[in-house]
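Letter by letter, the chains look like this.
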Amino acid sequence: LHRQAEQTCRQLVRTQEEHERLLQAAVEQAEGLEHNLRGAEAVLAERAAQLKDTQAQLSRNKLLIKDLREENRGFAVALQAAELKQKSTEEKNQLLEEQASALKQLIGKITPASLSG
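Quick notes on the rules
- Residues numbered from 1 in each chain as written.
- Predicted model: local features only at pLDDT ≥ 70, side-chain atom pairs only at ≥ 80, totals over all residues.
- Heavy atoms only, no water.
- Helix = DSSP H or I, 4+ residues; strand = E, 2+ residues; numbered from the N terminus.
- Rg over C-alpha atoms; globule rule 2.2 N^0.38 Å.
- Buried < 20%, exposed > 50% of the residue type's maximum accessible area, 1.4 Å probe, protein only.
- Areas by Shrake-Rupley, 256 points an atom, 1.4 Å probe, with all protein chains shown as cover.
- Lys, Arg positive; Asp, Glu negative; His and termini not counted.
- Charge placed at Lys NZ, Arg CZ, Asp CG, Glu CD.
- Patch = residues over 30% accessible without salt bridge, like charges linked within 9 Å, V, L, I, M, F, W, Y side chains within 5 Å.
- Salt bridge = Lys/Arg side-chain N within 4 Å of Asp/Glu carboxyl O.
- UniProt positions renumbered as here; feature names shortened; annotations may be inferred.

Let's talk about the overall build of the protein
Reasoning step 1: Along the backbone of the protein there are 1 helix and 0 strands.
Reasoning step 2: The C-alpha atoms of the protein give 49 Å as radius of gyration, which overshoots the globular expectation for 117 residues (13 Å, by more than 25%).
Reasoning step 3: Along the first, second and third principal axes, the C-alpha set of the protein runs to 170 × 20 × 15 Å.
Reasoning step 4: Going through the 117 residues of the protein one by one, you find that 0% of them count as buried.
Reasoning step 5: Of the roughly 11100 Å² that the protein leaves accessible, carbon and sulfur atoms contribute 59%.
Reasoning step 6: Taken together, the 17 basic and 18 acidic charged side chains of the protein have centroids lying 7 Å from each other.

Looking at a nonpolar patch on the surface
Reasoning step 1: A cluster of nonpolar side chains, namely L103, L106, I107 and I110, defines an oily patch on the protein surface of about 390 Å² accessible area.
Reasoning step 2: Within the secondary structure, I110 sits in helix α1 (residues 2-116).
Reasoning step 3: Residue I110 is classed as partly exposed on the basis of its relative accessible area of 48%.

Notes on the UniProt feature "coiled-coil region" (unreviewed entry) in the protein
Reasoning step 1: Per the UniProt record, the feature "coiled-coil region" (unreviewed entry) sits at residues 2-106.
Reasoning step 2: Helix makes up 100% of residues 2-106 and strand 0%, with an end-to-end C-alpha separation of 151 Å.

Some words on the pattern of salt bridges
Reasoning step 1: Scanning all chains against the criterion turns up 2 salt bridges.
Reasoning step 2: E18 is the partner of R21 in a salt bridge, and the nearest nitrogen-oxygen pair spans 2.6 Å. With a gap of 3 residues between them, R21 and E18 both fall in helix α1, about one helical turn apart.
Reasoning step 3: Take E18: its relative accessible area is 34%, and that puts it in the partly exposed class.
Reasoning step 4: The partner of E34 in a salt bridge is R38, with the nearest N and O atoms 2.9 Å apart. Highlighted residues: E34 and R38, both in helix α1, separated by 4 residues, approximately one helical turn.
Reasoning step 5: Judged by relative accessible area, E34 falls into the partly exposed class, the value being 42%.

Let's talk about the environment of V27
Reasoning step 1: By secondary structure assignment, the location of V27 is in helix α1.
Reasoning step 2: Along the backbone, V27 and Q99 are 72 residues apart, and their C-alpha atoms lie at a distance of 105 Å.

The structure is reproduced here in structure tokens:
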């Protein structure tokens, strides 16, 4: 009975040692997972900051694009006005050229008549 008790005690000690090893392995695994989790959280935080910066840049770009569109609309209106003014100037120039040609013809007719008279 004494031998059986010692054998049972040794078996219990071995079982307890095995449980302690398993527990230690589980603790080490949990620590490794916690370390990995902290690393993943750091990477996610960095990516979140990058995305936030990118979103801010996109917002600034949208505002710049909006400003450029408004400026382009102003340029288009100014260009249209300049084109209309150029067309009007060309028409006036054509009229002046026609008047100058008519005056040359009139002077051409008057000059020989006044020289002969």
